[in-house]
Amino acid sequence: MANHQLTSLIRMANQIAANNTHIGDENAEAEMVANHLSKFWARSMKAQISEYLNQGGDELTPIARKAIGLMSSAG
Amino acid sequence: MLQYFNPKQQDFDKDYGTPASVSENLITLEIDGVSITVPEGTSVMRAAALADINIPKLCASDNLEAFGSCRICAVEIEGRRGTPASCTTPAEAGMKVTTQNPRLGKLRRNIMELYISDHPLDCLTCPANGNCELQDVAGEVGLREVRYGFSGDNHLQAEKDHSNPYFSFDPSKCIVCSRCVRACGEVQGTFALTIDGRGFDSKVSPGQNQPFLDSECVSCGACVQACPTSTLMEKSVIEAGQPEHSVVTTCAYCGVGCQFKAEMKGSEVIRMVPYKGGQANHGHSCVKGRFAFGYATHEDRITKPMIRDSIDQPWREVSWDEALSFAATKLRGIQEKYGRESIGGITSSRCTNEETYLVQKLIRAAFGNNNTDTCARVCHSPTGYGLKTTLGESAGTQTFDSVMQADAVMVIGANPTDAHPVFGSLLKKRLRQGAKLIVADPRRIDLVKSPHVQTQHHLTLRPGSNVAFINAMAHVIMSEGLEDKAFIAERCDTEAFNAWRNFISEERHSPENTESITGIPAAELRSAARIYANAKNGAIYYGLGVTEHSQGSSMVMGIANLALATGNIGREGVGVNPLRGQNNVQGSCDMGSFPHELPGYQHVADDAVRARFESAWGVTLDNEPGLRIPNMFDAALDGTYKGMYCQGEDIAQSDPNTNHVQAALRSLECLVVQDIFLNETAKYAHVFLPGSSFLEKDGTFTNAERRINRVRKVMPPLAGLQDWEVTQALSNALGYPMNYNHPSEIMDEIAQLTPTFTHVSYERLEKLGSIQWPCNEMAPDGTPTMHEESFPIGKGHFAITEYVATEERSTRKYPLLLTTGRILSQYNVGAQTRRTDNQIWHDDDVLELHPQDAEDRGINNGDWVGIASRAGETVMRAKISERMQPGVVYTTFHHPHSGANVVTTDNSDWATNCPEYKVTAVQAVKVTEPSDWQQRYRDFNQQQLGHLNKARLNEPRSEESAIAGK
Ligand code: SF4
Ligand code: SF4
Ligand code: SF4
Ligand code: FES
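What counts and what doesn't
Residues numbered from 1 in each chain as written. Chains lettered and ligands numbered in written order. Predicted model: local features only at pLDDT ≥ 70, side-chain atom pairs only at ≥ 80, totals over all residues. Heavy atoms only, no water. Helix = DSSP H or I, 4+ residues; strand = E, 2+ residues; numbered from the N terminus. Buried < 20%, exposed > 50% of the residue type's maximum accessible area, 1.4 Å probe, protein only. Arc of directions from axis to C-beta. Polar contact = N/O pair within 3.5 Å; in protein donor to acceptor, adjacent residues only side chain to side chain. 1 Å grid on protein atoms, 1.4 Å probe; cavity = no way out; pocket = protein on both sides within 12 Å on 5 of 7 lines; lining within 4 Å. Points joined across faces, edges and corners; volume = space filled by probe spheres on them. Nonpolar A, V, L, I, M, F, W, Y, C, P; charged D, E, K, R; others polar. Pairing = 2+ DSSP bridges. Salt bridge = Lys/Arg side-chain N within 4 Å of Asp/Glu carboxyl O. Contact = heavy atoms within 4.5 Å. Buried area = accessible area lost by both parts, 1.4 Å probe. Near = heavy atom within 4 Å. Axes fitted to C-alpha atoms, helices over the stretch in contact; angles between N-to-C directions. Parallel < 35°, antiparallel > 145°, perpendicular 65-115°, else oblique. Left-handed = near helix turned anticlockwise from the far one by under 90°. UniProt positions renumbered as here; feature names shortened; annotations may be inferred.

Re unusual backbone geometry
All names here are of chain B.
Moving on, step 1. Residue Pro774 is bonded to the preceding Trp773 through a cis peptide linkage, with omega at -5°.
Moving on, step 2. At Ser178, a position not held by glycine, the phi torsion is positive, near 65°.
Moving on, step 3. Positive phi, close to 55°, is recorded for Asn209, a residue that is not glycine.
Moving on, step 4. When you line up the elements, Asn209 lands in the loop between β7 (203-206) and α5 (222-226).

Structural notes on helix α21 (residues 607-617) of chain B
Residue and element names in this part refer to chain B.
Moving on, step 1. Within α21 the residues assigned to the buried category are Val609, Arg610, Phe613 and Trp617. End-on, the buried residues of α21 take up no more than an arc of 95°, which puts them together on one face. Along α21, the residues that are exposed and aim more than 90 degrees away from the buried face are Asp607, Ala608 and Ser615.
Moving on, step 2. N-cap assignment for α21: the residue whose side-chain oxygen lies 3.0 Å from the backbone N of Ala608 is Asp606.
Moving on, step 3. At the C-terminal side of α21, Gly618 shows a positive phi close to 70°.

Focus: empty space enclosed by the protein
Residue and element names in this part refer to chain B.
Moving on, step 1. For the structure shown, the criterion picks out 11 cavities of 30 Å³ or more.
Moving on, step 2. Estimated volume of the second largest cavity: approximately 170 Å³.
Moving on, step 3. Contributing to the lining of the second largest cavity are 17 residues, with Arg350, Ile676, Ser692, Ser693 and Lys697 lying nearest its centre.
Moving on, step 4. The class makeup of the residues in the lining of the second largest cavity is 6 nonpolar, 7 polar and 4 charged.

Some words on the pairing of strand β25 (residues 687-690) of chain B
All names here are of chain B.
Moving on, step 1. Judged by which residues are buried, β25 turns out to be covered on both faces: Val687 and Leu689 on one side and Phe688 and Pro690 on the other are all buried.
Moving on, step 2. Sheet topology places strand β24 (residues 670-675) next to β25; 4 bridges connect them, and they run parallel. Bridging across to β25, Gln674 finds its partner in Leu689.

Re the pattern of salt bridges
Residues and elements named next belong to chain B.
Moving on, step 1. For the coordinates displayed, the defined rule picks out 41 salt bridges over all chains.
Moving on, step 2. Its salt-bridge partner being Asp698, residue Arg710 comes within 3.5 Å of it at the nearest N-O pair. In this pair, Arg710 sits in strand β27 (residues 707-711) while Asp698 sits in the loop between β25 and β26 (699-702), placing the two residues 12 residues apart along the sequence.
Moving on, step 3. Exposure remark for Asp698: the relative accessible area of 14% places this residue in the buried category.

As for the interface of chain B and chain A
Moving on, step 1. Taken together, the contact pairs 34 residues of chain B with 24 residues of chain A.
Moving on, step 2. At the boundary of chain B with chain A, total buried surface from both sides reaches about 2,300 Å², with 47% on carbon and sulfur atoms.
Moving on, step 3. If you look at where chain B meets chain A, you find 3 salt bridges.
Moving on, step 4. Here A:Lys46 and B:Glu624 are joined by a salt bridge, their closest N and O atoms 2.5 Å apart.

A closer look at the site of ligand 2
Moving on, step 1. Neighbouring ligand 2 are 13 residues; B:Cys174, B:Cys177, B:Ser178, B:Cys180 and B:Cys227 lie closest to it.
Moving on, step 2. Grouping the constituent residues of the shell around ligand 2 by class yields 9 nonpolar, 3 polar and 1 charged.

Focus: the packing of helix α13 (residues 466-479) of chain B against helix α17 (residues 522-534) of chain B
Residue and element names in this part refer to chain B.
Moving on, step 1. As a packed pair, α13 and α17 sit with axes 9 Å apart at the nearest point and diverge in direction by 65°. What the angle tells us is that α13 and α17 run roughly perpendicular. Handedness of the α13/α17 crossing: right-handed. Here Phe469, Ala472, Met473, Val476, Ile477 and Ser479 of α13 come into contact with α17, specifically with Leu525, Arg526, Ala528, Ala529, Tyr532 and Ala533.
Moving on, step 2. Residues that form the contact of α13 with α17 fall into these classes: 10 nonpolar, 1 polar and 1 charged.

Regarding the UniProt feature "domain: 4Fe-4S His(Cys)3-ligated-type" (unreviewed entry) in chain B
Moving on, step 1. UniProt records the feature "domain: 4Fe-4S His(Cys)3-ligated-type" (unreviewed entry) for residues 103-142 of chain B in the present numbering.
Moving on, step 2. Across residues 103-142 of chain B, helical content stands at 60% and strand content at 0%; the span's end C-alpha atoms are separated by 13 Å.

A few points about the site of ligand 1
Moving on, step 1. In the neighbourhood of ligand 1, the contacting residues comprise B:Phe167, B:Cys184, B:Leu193, B:Phe212, B:Cys217, B:Val218, B:Ser219, B:Cys220, B:Gly221, B:Ala222 and B:Cys223.
Moving on, step 2. Taken together, the residues of the shell around ligand 1 sort by class into 9 nonpolar, 2 polar and no charged.

A look at the sheet that holds strand β10 (residues 259-265) of chain B
All names here are of chain B.
Moving on, step 1. The strand order across the open sheet built from 3 strands is β9-β10-β11, with neighbouring strands paired in antiparallel fashion. Of all strands in the sheet, those bounded by a partner on one side alone are β9 (245-250) and β11 (268-274). With strand direction ignored, the average angle separating the axes of adjacent strands in the sheet is 30°.
Moving on, step 2. Direction of pairing for β10 relative to β11: antiparallel, over a ladder of 6 bridges. Each residue of the ladder has a partner; that of Lys265, found in β11, is Glu268.

See the structure below:
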């Protein structure tokens, strides 16, 4: 529970996804979000969120999940 | 023949009597036999002054319109009767003017005699002695006797007014020239002064015959500067006497970037006089820049390096060498134990470009990671993101002067008369000339009701509804066919535009459909959109009310969309203009403070860019972005981030959710703070490196118009080192060598590595006065207006900006929305202004609330109110105010003990993590005592001041502060 960073990261990823979800094409949206994450997030943040996704990523919204998947495979 | 004088070459220390004419028609006339060519509309007085024929004057000054009241400037003009006043007479082609002959001489002596007969003759002991225009003119006209004596009625006993902390008013010396009255109206736009009474009885009067302090006066000092006598005079001059030399430098407070002549006696600043050659301020300033410089020599300044092993211990004063090697050893130790990425640093928007550049260089090259961020994170990072995405460059598009060409001005979430006062004055001037004004702000800012200004619309939108509002504006423009089709076709990306048009045209964005979100009546919003779109030149100015939201970046893009759609980009009078908070916010962003960008907004993942930096710096650079400030705090709490170098920034007070920040700071093993005071952050530090004020160093600041201004050292650094020297010494101690001899060498390195700075150098700054970047082969003298022909990304990019409601909304538990802001007399966290007499205007933060909300809670003016949010609770005094709308409360965060940021949450902008200072759901209740947090703060503060005093008691000490690290 004491993982502050992860809590923030989940929230941030979902927020980024929520603000990029209106182009109508889910893949394009996920790609925008993935781009944003690789461009602005630190290495440790990317690693943490990818790991969280691998463990299920329950609290991530669908677009955020897809984006993090994309980012990890590209990374 | 004397040629027309280029205003750029004019002598800024000379008063030409009347303002320059901007006409392009040139005319030639003859003055005292000298032929001179001037722009049409130039006064005879100014034409003469340009030819160095200096006609005596008293009521004229070249920053004011000619008034023609004193008549001392009378001249003869061939073919005309009488002796017209040269200040009010326009020069005409072929005119032949005589400025000196016996008749004029006699006339002037007579006028002077009348003045002097009602003027005390205590020149030798007068504070203006040596700098008095009345004295000068008496000398010029050859006054030798005063026949009337002082026995008649006079004003010699008139009472003085010392109420203002910075200047005195001595009416006995007044010659009723009304320069002060006109300066207050024309230049400052406050209209606090009038000439009361008529004829002999006439006198200058603030407000309704009140003392200055009780009038509407905002203490800008324009009247003091305009006064030709000692009637209005700086108290510092009355005390110390006239200064003996001066140095031109730049204000270190806000993003306007006013230039000043620091008028000195030895190494002591006697007064600051706004510099006429300052290209952002043209000789005007506000109370902060002109008067509030006393903090620089305040006794709280810390001038010796200090160290301690833990924050529970007293400080120990040590030599520079010891402090630096202590810091270096600790930081390296942390890296060995927790890894390369376990430390980082924060650059300051208050420091110079050169200093900021050096700090991020130290982090990237000496720490070996990209964990650098800046306080701009918490104010304007969305501007960078939003403008770069849409327009291709992370900066405002105009000069300040551009507003004088605007026909409709929209001010969104900004409070220029308080936060950017000199720009506010210019804006008010344009509004008095008839430009239309639309204000979008939850609170009634002063601009809405300023004298002689008519506000077309004040859109009182609900905090958090910005994007819904801007989308509705765009919807009106597109659905009513008000867009600039030619501009869009020629200058904007078609695919992006089509997608955006489809999006924005959806009915759900209409003002009618968004009214329930924004609270703005649809008809009013439609009318405002029409005014902006139909204006020949429409300009948008915005501030932190736009950026400090969970959708700050979306809002910035929404604003850019609006400007693109209406073709309001790429010429004078239009544009998208972020009003930057601190003096060097623009510069600190430009200089690579952000974790993902090297200087010049060049991404760290770009191999070619990195290669250039790597070869110049001789290290390998990390290709992944580093941590942002909020990420650093999170990582600190998780135990992966352990050390930090923090220059000139008070994150403990300025960042949101204070409880969280304090816990993070406590968890650090080594916090190095470099500042001029023991600020709130320093109370958690292990190493304190004393900083230097802007008066103690050389460098540059970049203002909100991308203007690079020189900062010049006027006194030696109190602690022996300028800030850049400290960073350099720390870097050397860490084993990464830096060997600059002067900040100009740092600028040369910046120019070499930053494509938008290629042609910037101290030499060129000296020559041009200031430079607006981009400044390179394409624009060797800089770029006043951006995007004139194309965008750095080619075409303008419309961005889709979906409104996403913030998670921070009012609930039953927290039914009010708190928004935060600034006031004129205090600056940001107040570390500087609280240590000046500006305290007189604002000695505490208060909670402003609407009478209805107050009544519902039984709160009266001045009551203690507890303000609670889900993040924390604090207590302030209540101020009931009609400026607020019901349901919205407001405060400032200039004082640490008021704890405004204990209440703000860690919500932030989706793209940049800029905190959502502008929306916090709160409850307010009447209470009788300070909050728990405040009691804890008081105890902790006491304890830390005790630790500081211990260090100071150990004096006197040896001469060990001899310069280290060179
Ligand atoms: S200080 Fe400024 S606001 Fe006050 S009276 Fe003088 S000009 Fe007006
Ligand atoms: S106070 Fe100074 S500027 Fe104002 S009317 Fe008197 S002499 Fe002129
Ligand atoms: S605070 Fe801003 S407006 Fe005031 S003098 Fe300084 S730069 Fe100018
Ligand atoms: S200076 Fe011309 S009338 Fe006073």
